[in-house]
Amino acid sequence: MQIGTVVGTVVATQKHDKINGAKLLLVQLEHPDGSARGVPLLAIDSVGSGVGERVLVVIEGRAAGDALGRKAAPVDAAIVGIIDSVNVHEP
Amino acid sequence: MQIGTVVGTVVATQKHDKINGAKLLLVQLEHPDGSARGVPLLAIDSVGSGVGERVLVVIEGRAAGDALGRKAAPVDAAIVGIIDSVNVHEP
Amino acid sequence: MQIGTVVGTVVATQKHDKINGAKLLLVQLEHPDGSARGVPLLAIDSVGSGVGERVLVVIEGRAAGDALGRKAAPVDAAIVGIIDSVNVHEP
Amino acid sequence: MQIGTVVGTVVATQKHDKINGAKLLLVQLEHPDGSARGVPLLAIDSVGSGVGERVLVVIEGRAAGDALGRKAAPVDAAIVGIIDSVNVHEP
Amino acid sequence: MQIGTVVGTVVATQKHDKINGAKLLLVQLEHPDGSARGVPLLAIDSVGSGVGERVLVVIEGRAAGDALGRKAAPVDAAIVGIIDSVNVHEP
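Values in this document were obtained by computation on a predicted structure and should not be read as measured data. (Residues numbered from 1 in each chain as written. Chains lettered and ligands numbered in written order. Predicted model: local features only at pLDDT ≥ 70, side-chain atom pairs only at ≥ 80, totals over all residues. Heavy atoms only, no water.)

K.L.:
Explain helix H1 (residues 61–68) of chain D here, please?
P.N.:
In terms of burial, H1 of chain D is a largely internal element, eight of the eight residues being buried. Taken together, the buried positions of H1 of chain D are occupied by Gly61, Arg62, Ala63, Ala64, Gly65, Asp66, Ala67 and Leu68 of chain D. Packed against the buried residues of H1 of chain D are helix H1 (61–68) of chain A, strand E4 (41–45), strand E5 (54–59) and strand E6 (77–82) of chain D together with helix H1 (61–68) of chain E. Just beyond H1 of chain D, the residue with positive phi is Gly69 of chain D, at close to 75°. (Buried < 20%, exposed > 50% of the residue type's maximum accessible area, 1.4 Å probe, protein only. Helix = DSSP H or I, 4+ residues; strand = E, 2+ residues; numbered from the N terminus. Contact = heavy atoms within 4.5 Å.)

Structure (structure tokens):
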């Protein structure tokens, strides 16, 4: 899984039936220290997260479909947790 | 999922039976601000999208096959929505 | 899916039972304009393609296994079409 | 699979039901010689590993869900072994 | 699939039950000409390969589990063939 922060939303009225009603959030992936990395991606929300929250993201189709709780949903990323803390143990 | 714009089409007369009739579109992935990133990829259309439209792309086999609505279709990317707006909340 | 050209073949006498008889082709991935990108990969042929042909490649296990038409085949890339034309619509 | 070392933990009280109770560890991937590479990722522990241990990581949804032993769990990476030794045979 | 050479072994006494007994090999991926590329990865052997042999590697969970012949095995890469020759047809 990856760490990220919800930074936006996407509206798509015309979409595949199986993702109707799903909340599409734009997530900026981050290093454990909170700095951004890479390009923001779109993830389906499964835990009631919103803009500004630090979240746990799964990036893989089966896992994302499972998060949405719909069989055969065409999704490949999902938010599956809201992160309280990241603890890095320095060696 | 990823954000992209349909930039072209691909014609392949001789193809696997399970993807006969599927519409193959060339999609340029983009940053949320609309600038291009990476190499265009080929995706199966599942929502009636066309050249010039900004779309929602899933990149993963199971998800793409689900989008096409055919079991065991050999596809790995699909267009699953037409994007109305991308809203980035600046911190 | 990706665009590529078949650039070679690989012979592997000793291989997993489930891929016996499969044709292994070396594919150079390409940009839409035909220029090479990245490292050539090995794909199972499912459409009777050969060296020099421009092809449509799926890169994902389930999809590739489906292309081969064998359940539980340990493959992760397959050629699923022979490309006639790639049409890029300049904005 | 990949080689890595557990470098931290993540706490997420609010998470998807299917991953409740799962231990989330932050893993730094490594070269065989132990030097770090890339960004630390989050993996579900399936073998009782902890901070400082060198581990075997699978990065893929089906495999990670299998490691957790729960069907339809939205996870994409898991620790599946504790490494005793890595032996590189120089040519 | 990818081309690589087996360059080492990994010992992990404490591992997930479903991969007990599996042979873990360290594989250096290669360009068709045999030069190394990227970081060595760990793959499950399914064809009796050993250090120094040039092999065919699948990198994907379902395919790797299929190679091992165990349902629900948490693996994501497997050696599925021993390569006799790679033939690149220069244009």
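K.L.:
Would you explain the relation of the copies chain E and chain C in this entry?
P.N.:
Between the two copies of the chain lies a rotation about an axis combined with a shift along it. For the pair chain E and chain C, the superposition axis carries a translation of 0.0 Å, the fit reaches an RMSD of 0.0 Å, and the rotation angle comes to 72°. In the structure described here, the two chain copies are related by an operation that fits a five-fold rotation axis. The two copies present different faces, since only 7% of the interface residues in chain E are matched by interface residues at the equivalent positions in chain C. (Least-squares fit on C-alpha atoms with pLDDT ≥ 70 in both.)

K.L.:
Any chance you could explain the interface of chain E and chain C here in plain terms?
P.N.:
Size of an interface: often given as the accessible area lost when the parts come together. Each side of the interface is counted separately: chain E has 27 residues, and chain C has 29 residues. Each partner contributes to the roughly 2200 Å² buried at the junction of chain E and chain C, and carbon and sulfur atoms together form 58% of this total. Its largest share of buried area at the contact with chain C, chain E owes to Met1, Arg62 and His89 of chain E, together 28% of the area lost on that side. Across the contact surface, chain E and chain C share zero salt bridges. Taken together, chain E and chain C are joined by 12 residue pairs in polar contact (both at pLDDT 80 or more). Of all elements in the fold, only strand E1 (2–11), strand E5 (54–59), H1, strand E6 (77–82) and strand E7 (85–88) of chain E reach the threshold of two or more residues within the side of chain E that touches chain C. Of the residues in the side of chain E that touches chain C, the class split is 15 nonpolar, seven polar and five charged. (Buried area = accessible area lost by both parts, 1.4 Å probe. Salt bridge = Lys/Arg side-chain N within 4 Å of Asp/Glu carboxyl O. Polar contact = N/O pair within 3.5 Å; in protein donor to acceptor, adjacent residues only side chain to side chain. Nonpolar A, V, L, I, M, F, W, Y, C, P; charged D, E, K, R; others polar.)

K.L.:
Looking at this structure, how should I read the relation of the copies chain D and chain A?
P.N.:
Superposing chain D onto chain A takes a rotation of 72° combined with a translation of 0.0 Å along the rotation axis, leaving an RMSD of 0.0 Å. Taken as a fraction of all interface residues of chain D, those also at the interface in chain A reach only 7%, which identifies the copy contact as different-surface.

K.L.:
How do you make sense of the interface of chain D and chain A when you look at a structure like this?
P.N.:
Across the boundary between the two partners, chain D contributes 29 residues, which contact 27 residues of chain A. On inspection of chain D and its partner chain A, the count reaches zero salt bridges. Within the residue set of the side of chain D that touches chain A, elements represented by two or more residues are strand E1 (2–11), strand E2 (14–15), strand E3 (24–29), E4 and H1 of chain D. Top element by residues in the side of chain D that touches chain A is E1 of chain D. It accounts for five residues. By residue class, the composition of the side of chain D that touches chain A is 18 nonpolar, seven polar and four charged. When strand E6 (residues 77–82) of chain A meets E2 of chain D, the two strands line up antiparallel, connected through two bridges. Bridging from a neighbouring strand, Gly81 of chain A pairs with Lys15 of chain D of E2 of chain D. (Pairing = 2+ DSSP bridges.)

K.L.:
Can you walk me through the arrangement of the chains in this structure?
P.N.:
Separated throughout, chain A and chain E approach each other most closely at a C-alpha pair spaced 11 Å apart. No part of chain B reaches chain E; the closest C-alpha pair between them is 11 Å apart.

K.L.:
What should I look at first to understand the layout of surface pockets in this one?
P.N.:
Over the atoms rolls a probe the size of a water molecule, and in doing so it shows where empty space is left. When its volume is computed, the second largest pocket comes out at roughly 490 Å³. Those elements that place two or more of their residues in the lining of the second largest pocket are helix H1 (61–68) of chain B, helix H1 (61–68) of chain C together with H1 of chain E. (1 Å grid on protein atoms, 1.4 Å probe; cavity = no way out; pocket = protein on both sides within 12 Å on 5 of 7 lines; lining within 4 Å. Points joined across faces, edges and corners; volume = space filled by probe spheres on them.)

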